Amino acid sequence: MHALVVDPDAPGSLRLGPAAEPQAAPHQLLVDVQHISLNRGEVAFAGRLPAGTVHGYDAAGVVVRAATDGTGPSVGARVAAFGAGAWAQRMAVDTTAVAEVPARVGLADAAALPMAGITALRTLRSRPILGRRVLITGAAGGVGRYAVQLAALGGAHVIASVGSSTRAAGLAELGAHQVVVGLEGIDRPVDLILDNVGGRQLVAAWELLAPGGGVQNIGWASDEPAVFAPYSLFSVGPSRTMNTFGDVHEVGPDLATLLEFVAAGKLSPEVGWRGSWERVPEAAQALLDRRVAGKAVLDVEPVAY
């Protein structure tokens with residue numbers, strides 16, 4: 001088969017080439033992958049992985065071999081999947097990390113959901129948001145655009161922060177009540193921050209956090225350190241918290257929820273770039289340059305050599 005594999009000498013440290021067929025464990029099924037999606041962090045850190053690694057986590061396709069332990073979807077089911085080695089013509093994935101795709105949802109849209117959608121959903125669940133003020137930084141990206149929609153669905157007052165005015169397009173239509181560049185114009189405390197930026201902006205955002213509020217650290221797009229002044233993390237009253245996020249255990253049920261939202265027209269997949277996986281250098285560079293509004297989805301096609 002062919003896959004996108006790590007190659008430190010290739011543009012973006014990824015190249016399309018031959019790879020070994022995946023071997024499914026008893027609790028895994030085998031998927032014929034039709035579409036994959038790229039996440040900016042995966043692209044940025046591809047070069048840190050061993051050469052030859054089949055990269056990626058997000059895919060959608062059709063089950064060609066069911067799990068031998070009897071769990072999960074049957075052969076022929078259309079599924080969205082989350083698991084290592086997703087950027088390939090075939091992937092083996094745990095049955096607890098897949099969800100069947102409703103008939104009304106295209107597989108390309110389904111492929112856009114797993115990592116970014118699960119991250120947005122689970123960080124928003126970290127505390128009650130109905131009637132609360134939620135700040136989402138890096139709101140124009142994949143996680144950010146899902147988080148804006150899901151926070152609005154949950155009844156929050158949504159503040160979407162972007163890096164420039166050109167990145168603000170479409171966020172109000174997705175449910176943001178206020179769209180700001182950086183943190184400009186936020187004049188009241190917020191109850192929850194989903195931070196995709198880090199660095200100096202994270203330090204400034206902490207000062208906006210209401211007593212009892214929390215920050216969920218999702219990404220660090222600024223690539224700069226966050227330096228907190230002595231005692232700046234201290235406050236009298238209910239504790240403010242800061243948490244990292246990395247909970248991607250058994251995502252199948254949450255992935256099914258996201259797919260149901262898409263099928264019902266409540267969640268837009270926000271595919272901002274789509275093309276053949278042979279164009280992976282172009283897609284990867286567009287993500288790194290922040291020229292993609294939402295997700296980049298690649299179509300997995302037969303490769304002629």
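Given the structure is predicted, the values throughout are model-derived calculations rather than measurements. (Residues numbered from 1 in each chain as written. Predicted model: local features only at pLDDT ≥ 70, side-chain atom pairs only at ≥ 80, totals over all residues. Heavy atoms only, no water.)

Undergrad: Would you mind going over the overall build of the protein chain with me for this structure?
TA: Looking only at helices and strands, the protein chain has eight helices and 15 strands in total. Whereas a compact globule of 305 residues would reach a radius of gyration of roughly 19 Å, the protein chain reaches 20 Å, a difference of no more than 12%. Across the 305 residues in the protein chain, those meeting the buried criterion constitute 53%. Sequence separation of 24 or more characterises 68% of the internal contacts of the protein chain that already satisfy a separation of 6 or more. Accessible surface, the protein chain as shown: approximately 13200 Å² in total, 54% of it carbon and sulfur. Side-chain charges in the protein chain split into 23 positive and 28 negative, and the spacing between the mean points of these groups amounts to 5 Å. (Helix = DSSP H or I, 4+ residues; strand = E, 2+ residues; numbered from the N terminus. Rg over C-alpha atoms; globule rule 2.2 N^0.38 Å. Buried < 20%, exposed > 50% of the residue type's maximum accessible area, 1.4 Å probe, protein only. Contact = heavy atoms within 4.5 Å. Areas by Shrake-Rupley, 256 points an atom, 1.4 Å probe, with all protein chains shown as cover. Lys, Arg positive; Asp, Glu negative; His and termini not counted. Charge placed at Lys NZ, Arg CZ, Asp CG, Glu CD.)

Undergrad: Explain the nonpolar core to me, please; I cannot follow it from the model alone.
TA: When a protein is soluble and globular, its nonpolar side chains tend to lie buried together. The biggest cluster of nonpolar side chains holds 78 residues, and the ones touching the most others in it are Ile36, Ile136, Val148, Leu259 and Leu298. In contact with Ile36, other than residues within four places in its own chain, are Leu4, Asp58, Ala59, Ala86, Trp87, Ala111, Trp277, Ala296, Val297, Leu298 and Val300. Counting 13 residues, the second largest nonpolar core, distinct from the first, contains Leu135, Ile159, Leu202 and Leu209. (Core = buried A, V, L, I, M, F, W, Y, C linked by side-chain atoms within 4.5 Å.)

Undergrad: It is not clear to me how the packing of helix α3 (residues 114-124) against helix α4 (residues 142-153) should be interpreted in this structure. Could you clarify?
TA: When two helices pack together, their arrangement is captured by the angle between the axes and the distance separating the axes. Contact geometry for α3 and α4: axes closest at 8 Å, N-to-C directions at 45°. As the angle between them shows, α3 and α4 are arranged oblique. Where α3 crosses over α4, the two elements pack in a sense that is right-handed. The residues of α4 that touch α3, namely those facing Ala116, Gly117, Thr119, Ala120, Leu121 and Leu124, are Gly142, Val143, Tyr146, Ala147, Leu150 and Ala151. (Axes fitted to C-alpha atoms, helices over the stretch in contact; angles between N-to-C directions. Parallel < 35°, antiparallel > 145°, perpendicular 65-115°, else oblique. Left-handed = near helix turned anticlockwise from the far one by under 90°.)

Undergrad: For this particular structure, what's the right way to read the side chain of Arg167?
TA: Its place among the elements puts Arg167 in the loop between β9 (157-162) and α5 (171-174). Among buried charged residues, Arg167 stands out as having no salt bridge; its nearest opposite-charge side chain is Glu270, 10 Å away. Other than its neighbours up to four places away in sequence, Arg167 contacts Ala140, Gly141, Val162, Arg290, Arg291, Val292 and Ala293. (Salt bridge = Lys/Arg side-chain N within 4 Å of Asp/Glu carboxyl O.)

Undergrad: Help me understand unusual backbone geometry in this model?
TA: With the exception of glycine, the majority of residues adopt a negative phi angle, and the majority of peptide bonds are in the trans configuration. Residue Ser13 is not a glycine yet carries a positive backbone phi of 65°. Assignment of secondary structure puts Ser13 in the loop between β1 (2-6) and β2 (14-18). The class for Ser13 is buried, based on a relative accessible area of 15%.

Undergrad: Hey, could you run me through the sheet that holds strand β13 (residues 241-244) in this one?
TA: Think of a sheet as strands paired side by side through backbone hydrogen bonds, with each pair either parallel or antiparallel. Taken together, six strands build an open sheet; the order of strands is β10-β9-β8-β11-β12-β13 and the sheet is parallel. Among the strands making up the open sheet, the edge pair consists of β10 (178-181) and β13. Here the strands of the sheet are splayed against their neighbours by 20° on average, with no regard to which way each runs. Strand direction decides the pairing type here: strand β8 (residues 133-136) and β9, joined by four bridges, are parallel. Each bridged residue has a counterpart across the sheet, and for Arg133 the counterpart in β9 is His157. On the sheet, α3 packs against β8, β11 (190-195) and β12 (209-217) and is oriented at approximately 155° with respect to β11. Along the sheet, helix α6 (residues 199-206) makes contact with β8, β9, β11, β12 and β13, crossing β12 at roughly 155°. (Pairing = 2+ DSSP bridges.)

Undergrad: Hey, could you run me through the pairing of strand β4 (residues 58-65) in this one?
TA: Looking down a regular strand, the side chains alternate between one sheet face and the other. For β4, the buried fraction is high: six of the eight residues fall into the buried class. Strand direction decides the pairing type here: strand β3 (residues 28-38) and β4, joined by seven bridges, are antiparallel. In the sheet register, Asp32 faces β4, and the bridge partner there is Val62. Pairing of β4 with strand β5 (residues 78-82) involves five bridges; the strand directions are antiparallel. Across the sheet, Val62 pairs through a bridge with Arg78, a residue of β5.

Undergrad: Can you help me understand the side chain of Gln149 in this one?
TA: Note on placement: Gln149 falls in helix α4. Those residues within four positions of Gln149 in sequence are excluded, and the remaining contacts are Leu174, Lys266, Leu267, Ser268 and Glu270.

Undergrad: How do you make sense of the pattern of salt bridges when you look at a structure like this?
TA: Oppositely charged side chains may form a pair once their charged atoms are brought near each other. Counted by the stated rule, this structure contains eleven salt bridges. Between Glu282 and Arg279 there is a salt bridge, with the nearest N and O atoms lying 2.7 Å from each other. Taking the relative accessible area as the measure of exposure, Glu282 reaches 40% and is therefore partly exposed. Look at Arg279 and you get partly exposed, because its relative accessible area is 34%. As a salt-bridge pair, Arg291 and Asp289 come within 3.3 Å of each other at their nearest N and O atoms. Note on Arg291: relative accessible area 54%, which makes it exposed. Among the ionic contacts, a cluster of salt bridges with common partners joins Arg122, Arg125, Asp247 and Asp254.

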